[in-house]
Amino acid sequence: MSFSPFVSELILILGSLAVFAISLGTGRGRLAARVTAGIALVNLGACLATVTASGELFCHAYRVDLFSQLFKCFIALGLAAVVLFGSQLRDIRAEIRPEYFFFLLLGTLGLTMLVSCVELITLFIALELSSYALYLLVPLRRERPGLNLQMEAAAKYVMFGVVSTGFLLFGMSYLFGLTGSTYFQEIAPALALQAQQPAALAAMVLVVAGLLFKLAAFPMHLWAPDAYQGASNETTAFIAAVPKVGAVAVLIRFLLCTEPTNTTLSLVLTITAIGSMCFGNLAALVQKDIKRMLGYSSIAHAGYVLLGLVTLQSAGFAMSMFYIFGFLAMSLAAFLVICQVSREGENVLLDDLSGLHARSPLAAFLLAASMFAMAGIPPFAGFIGKFLLLSEALRSGFLLLVIVAAVNTAIGIYYYLNVVRLLYFAAPEGRPAARLSPLVAGTGVVLIVIVTLLGLVPGKLLDAAKTATQKPVAAQDKPGSASPVLPQ
Amino acid sequence: MVACISGDWPILSVLLFLPLAGILAFPLLRSDGAAKLWALGVTIITAVASLALYTGFNPATADYQFGEHIAWIPSLNINYALGVDGISLMLILMTTLLSPLCILCSWRAITVRVKEFLVCLLVMESAMLGVFMALDFILFYIFWEAMLIPMFLLIGVWGGPRKIYASVKFFLYTLAGSVLLPVAMIALYLASPTHTFSIPELMGQPYSASLQCWVFLAFFVAFAIKVPMFPFHTWLPAAHVEAPTAGSVVLASVLLKMGTYGFLRFCLPMTPIGVQTFAPYVLALSIAGIIYGGLCALAQSDMKRLVAYSSVAHMGFVTLGIFVVNTAGIEGGLLQMINHGITTGALFLCVGMIYERTHSREIAKATGIGKVMPIYVTALTIFGLSSLAFPGTNSFVGEFLVLVGSFQSATLWGLLAIPGVILSAAYMLRMLQRIIWGGTHNPDTSYLKDLNARECVTLGLLVVMVLWIGFAPQPFLEVFHVSVQNLLAQYQAGLPM
């Protein structure tokens, strides 16, 4: 058996062990940062090299295919970016920095494995591996006198996480009970025969609810703003982007087991999408802390991602994949700037960004570009991603949802533009200059180039995503069974 | 179906990317002066190159010429498709010819962040050209929206005292207007038999009446805000007054035309039933805009606001001409789009020149300058007369054709538009009288210097255009005559018998 398809996982396992060994000594924070950065870059290279690989492990429970490899590439990109721009960990005590990197690598390992799992138990183990590692990152932040934000954030993150895990497990048990299997490829045909049963629907809704926590979508979104605000800036950069990519992968895996004609499930997802978009955007309007603002805006973005999922069709799933990939890059670019503007690792208020253009032109440009990208303005990935999601949703007949999404885009523009206004038009008023080291600047430029390229030449990735989300032949695939319900 | 004729070499792409490519040299340019010269050179080369479009254009056919077609996102049938017909040709030429003037007029006025300013102007030029050249809906929308970012910065960074309010209002207003545009685009894409975003292929398809009405409304909101039509005009005076002169010129001359271009390119051929259903309301709004804009202009003491409100009135004439949907109306509307670009652009340049000297845009601060600035007031008078559609100037031809079209359609619309003509004479002559002669209490203006060579060249070119179109409009009308006929044929064919 060849190990080459699994090289990313192997790198991360060995890397975690190496960083664990480093963490046994004292005063090795910088060494751990360098080793982790090396591991992250090698991992990214390995993922890109094995993007077309395929293979199976553990009695077909673990599969490497185009779908999983595309996700792995972007998870690896997320890890590499966070480690490169967030290696200073200003707000983590020096003696626990190696442990921080250890948990970060473990969390990434869990997510990397998660996207390859095609069996429920394996999937659950990978999900918990990533979740618990990330739960631990939040309270590692330094305590401030009279301010225990990070503890509140950690408590909320863990509590909501555990409850949603309960939903997920409950739903999985129903799935197993109904179909007699824990393998997706056997669940799908068995579930198709009893799609109309209330139990089947309950199973899917419970599973989806459990996963919506990871995506921070309405109504499982409550943790997001608090956790974003309470965690250190680097931690937020990671949990705001990378676990969501994993969540989309698993959601697609589950939804591929259903038929596009499952209108009840579509309805549930539609309500979730509308709730996420409206709540996220409206709440973001009034925020003063940029991390909280991005927390709420990420809820809205989760709603946009759901636009593709409500279609319950491969084409829609592909668009959701594309959008979450673009979102990962924009979100990382935004947090890169936040991490640099924050001098001691403290939270950054919107007012702290005033006149950043004069203090650090590149940082201002990166943040402005990511804001325009999130707002969905061409030529960035946010525009074409939203456009593709809207077109797939409309093709499947969700006219109302599409109009709500379009209106929400307009609401979102207001608060994104407000950030740009502060960056370029407000006076710095003696705020200190923010200096970007060449490495950080390079990382930021690469991220914005990715966002722009995804917006201008989305064709290749889109085709790959479409190929990757094709249903397996075993499942009953009826192309075009859902006809557009447009005003004719 | 209208064919798309390809040229020997991709002249449209060259024109489109020349200004963008010019930006690449900016890091090499050390001084601001060199950057200005370079940007001026780039825009002049673009302008000269665009004349090749005019000479190579065949006005005897309604086909899209100089066509380019490259697959872009094949899975959704989205293409990089460019092409030019009679309707877009004149607008493209106007954009390329006005761009060097925008840089010339900023030569002294812009003193901070000069390179960034020039980058914004060059990006604007590329995006504006892209809007008029695109033959694919997605490509069109990308240019349409991408243009907002440099314009937002032009107003917000280099604008007047209330620049931030104006830039944010401009951005939010125009962007909020176009959020439903992609939805309409996707609806047409799904309803078209070939599932395409190609603009020529989406025309003349038998869409259902209700779909056409909804799509028309989505289009209308987006385009009417851009025009801007009454009552969506409130962003315009704010943006114009606060924008730097070059920004005002670009805004008035080119950006406003995109709304009316959208009506011609999309609404008439794609949703004829929608146009027919809503035309009376649009015409009523046009008339309201003409009267309201004129009355507001009459009440202004700020030159820039006066010209801004006159824009609302003039654009009302354009939409009036378009929505009476007959040859005279549309040709008049199209010519009036060009005229407004030249005349209003020139008036904003004139206001900018006074502002550079007196640091005020108040008419009262610059009364009676006829003696000290004879060349300036001569140019101002020509543009002022052009703005009120004096015979022998360009606007006379345009407005006359629009009125002919309105009377052909219904006497009522023509009669209602007449007061607008009188109003425009009133506010323009009032401004000219005060600027040139003033009253008995003129401020001391003896320190003012008349126009220098750079300013004379800037305005001189526009004076030539005003008189050329005024006395010999035929070559200009010929360029779009066949395209307009074809547009009307498509419109008629789309209506139920």
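Before reading further, recall that the structure is shown in the block above.
Peer 1: Tell me about the overall build of chain A, and name the residues and values.
Peer 2: If you tally the helices and strands in chain A, you get 19 helices and 2 strands. The C-alpha radius of gyration of chain A comes to 21 Å, within 12% of the 23 Å expected for a compact globule of 488 residues. Taking the principal axes of the C-alpha coordinates as reference, chain A spans close to 65 × 55 × 40 Å. At a minimum sequence separation of 6, the contacts of chain A that also span at least 24 residues come to 82%. Here chain A displays about 16500 Å² of accessible surface, and carbon together with sulfur accounts for 68% of that area. Between the averaged position of the 29 positive side-chain charges in chain A and that of its 23 negative side-chain charges there is a distance of 6 Å.

Peer 1: Would you mind going over the pairing of strand β3 (residues 78–84) of chain B in detail, with residue names and values included?
Peer 2: Residues and elements named next belong to chain B. Burial of β3 is extensive: 7 of the 7 residues sit out of reach of the surface. Here β3 shows two buried faces, one formed by I78, Y80, L82 and V84 and the other by N79, A81 and G83. As judged from the 6 bridges shared by strand β2 (residues 64–73) and β3, these two strands associate in the antiparallel manner. Residue pairing in the sheet places I70 in a bridge with Y80 of β3. Turn length for the β2-β3 hairpin, with the two strands adjacent in sequence and antiparallel, is 4 residues, and the turn residue N77 shows positive phi of about 60°.

Peer 1: Residue-level account of the nonpolar core, with values.
Peer 2: In terms of nonpolar packing, the biggest core is built from 399 residues, with F71(A), F254(A) and Y376(B) touching the most fellow members. In terms of residue count, helix α13 (residues 314–341) of chain A provides more of this core than any other element does, 21 residues in total. Composition of this core by domain shows at least three residues from each of domain 1 (1–201) and domain 2 (271–491) of chain B. Leaving out residues up to four positions away in the same chain, F254(A) has contacts with L120(A), L123(A), M172(A), L175(A), F184(A), M204(A), V207(A) and L211(A).

Peer 1: Give me the interface of chain B and chain A: which residues, what numbers.
Peer 2: Taken together, the 36 residues of chain B in the interface contact 37 residues of chain A. Together, L76(B), I186(B) and L190(B) form the three largest contributors to the area buried by chain B at its contact with chain A, with a combined 15%. Inspection of the chain B/chain A interface yields 0 salt bridges. Elements that contribute at least two residues to the side of chain B that touches chain A include exactly β2, α5 (137–146), α6 (148–158), α7 (163–177), α8 (180–191) and α10 (209–226) of chain B. Broken down by element, the residue count for the side of chain B that touches chain A peaks at 8 residues, all from α8(B). Class assignment for the residues of the side of chain B that touches chain A results in 29 nonpolar, 5 polar and 2 charged.

Peer 1: Please set out empty space enclosed by the protein residue by residue, giving values where relevant.
Peer 2: Inspection of every chain in the model, using the stated rule, returns 11 cavities of 30 Å³ or more. Quantified by volume, the largest cavity comes out at close to 170 Å³. Lining the largest cavity are 15 residues, and of these G376(A), K386(A), T409(A), Y141(B) and P182(B) sit closest to its centre. By residue number, the principal contributor to the lining of the largest cavity is helix α16 (residues 381–395) of chain A, which donates 4 residues. Along the lines of polarity and charge, the residues of the lining of the largest cavity split into 11 nonpolar, 2 polar and 2 charged. Roughly 90 Å³ of internal volume is contained in the second largest cavity. Lining the second largest cavity are 13 residues, with Y64(B), D85(B), R265(B), N486(B) and Q490(B) sitting closest to its centre. Mapped by element, the contributors of at least two residues to the lining of the second largest cavity are α12 (245–270) and α20 (474–494) of chain B. Residues of the lining of the second largest cavity, tallied by class, amount to 8 nonpolar, 3 polar and 2 charged. If you count residues domain by domain, the lining of the second largest cavity takes at least three from each of domain 1 (1–201) and domain 2 (271–491) of chain B.

Parameters at a glance
Residues numbered from 1 in each chain as written. Chains lettered and ligands numbered in written order. Predicted model: local features only at pLDDT ≥ 70, side-chain atom pairs only at ≥ 80, totals over all residues. Heavy atoms only, no water. Helix = DSSP H or I, 4+ residues; strand = E, 2+ residues; numbered from the N terminus. Rg over C-alpha atoms; globule rule 2.2 N^0.38 Å. Contact = heavy atoms within 4.5 Å. Areas by Shrake-Rupley, 256 points an atom, 1.4 Å probe, with all protein chains shown as cover. Lys, Arg positive; Asp, Glu negative; His and termini not counted. Charge placed at Lys NZ, Arg CZ, Asp CG, Glu CD. Buried < 20%, exposed > 50% of the residue type's maximum accessible area, 1.4 Å probe, protein only. Pairing = 2+ DSSP bridges. Core = buried A, V, L, I, M, F, W, Y, C linked by side-chain atoms within 4.5 Å. Domains from an automatic or database assignment. Buried area = accessible area lost by both parts, 1.4 Å probe. Salt bridge = Lys/Arg side-chain N within 4 Å of Asp/Glu carboxyl O. Nonpolar A, V, L, I, M, F, W, Y, C, P; charged D, E, K, R; others polar. 1 Å grid on protein atoms, 1.4 Å probe; cavity = no way out; pocket = protein on both sides within 12 Å on 5 of 7 lines; lining within 4 Å. Points joined across faces, edges and corners; volume = space filled by probe spheres on them.

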